[in-house]
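# Structural overview for review
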Amino acid sequence: MRGTDPAVTRAALSDILTRLKARKIAVLLCGMVAPPNYGSDYANRFNAIYPDLAKAFDVPLYPFFLDGVAAEKKLNQADGIHPTAEGVDRIVKNILPSVEALLGTISGQRS
């Protein structure tokens, strides 16, 4: 994220999704939100990337990878950005239903 132009991020993710779709690889797109210190214009452009791409590529979206972890001091390292082991456990617990749903659709396609 690091202040990269959202257009660059969007293009890179679009390229990745295009390549995965071409290889028929199932995708769960895991979103991120811009930190508030980047300003509202940046946040609006960045925060639209993941929902837009999920719709355009018809892939499921887990809206915010750090849901329930971001801004929770005890779940992040001293840098306030990277999750602790407990934070990672929370991420896994939160995202697991979405992963299981994706796996269910994949196994259903193979039956």
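This structure is a prediction, so every number in the text was calculated from the model and none was measured.

Okay, a nonpolar patch on the surface next. Judged by side-chain polarity, L96, V99 and L103 come together as a nonpolar surface patch covering roughly 230 Å² of accessible area. Here L103 is to be found in helix α4 (residues 85-110). Residue classification places L103 among the partly exposed residues on the basis of a relative accessible area of 49%.

Right, let's talk about the pattern of salt bridges for a bit. Per the stated rule, a full pass over the model turns up five salt bridges. With a closest N to O distance of 3.4 Å, R45 and D41 form a salt bridge. Remark: D41 and R45 occur in helix α2 (residues 40-47); sequence separation between them is four residues, near one turn of the helix. When its relative accessible area of 38% is taken as the criterion, R45 is described as partly exposed. For D41, a relative accessible area of 52% puts it in the exposed group. Across the pair E86 and K74 runs a salt bridge, and its minimum N-O distance is 4.0 Å. Here K74 lies in the loop between β2 (61-62) and α4 and E86 lies in helix α4, a separation of 12 residues in the sequence. With relative accessibility at 42%, the residue E86 sits in the partly exposed group. A relative accessible area of 57% means that K74 is categorised as exposed. Here the residues in one salt-bridge network are D5, D41 and R45, joined through shared partners.

The rules behind the values
Residues numbered from 1 in each chain as written. Predicted model: local features only at pLDDT ≥ 70, side-chain atom pairs only at ≥ 80, totals over all residues. Heavy atoms only, no water. Patch = residues over 30% accessible without salt bridge, like charges linked within 9 Å, V, L, I, M, F, W, Y side chains within 5 Å. Areas by Shrake-Rupley, 256 points an atom, 1.4 Å probe, with all protein chains shown as cover. Salt bridge = Lys/Arg side-chain N within 4 Å of Asp/Glu carboxyl O. Helix = DSSP H or I, 4+ residues; strand = E, 2+ residues; numbered from the N terminus. Buried < 20%, exposed > 50% of the residue type's maximum accessible area, 1.4 Å probe, protein only.

Read these as spatial facts, not as claims about activity.
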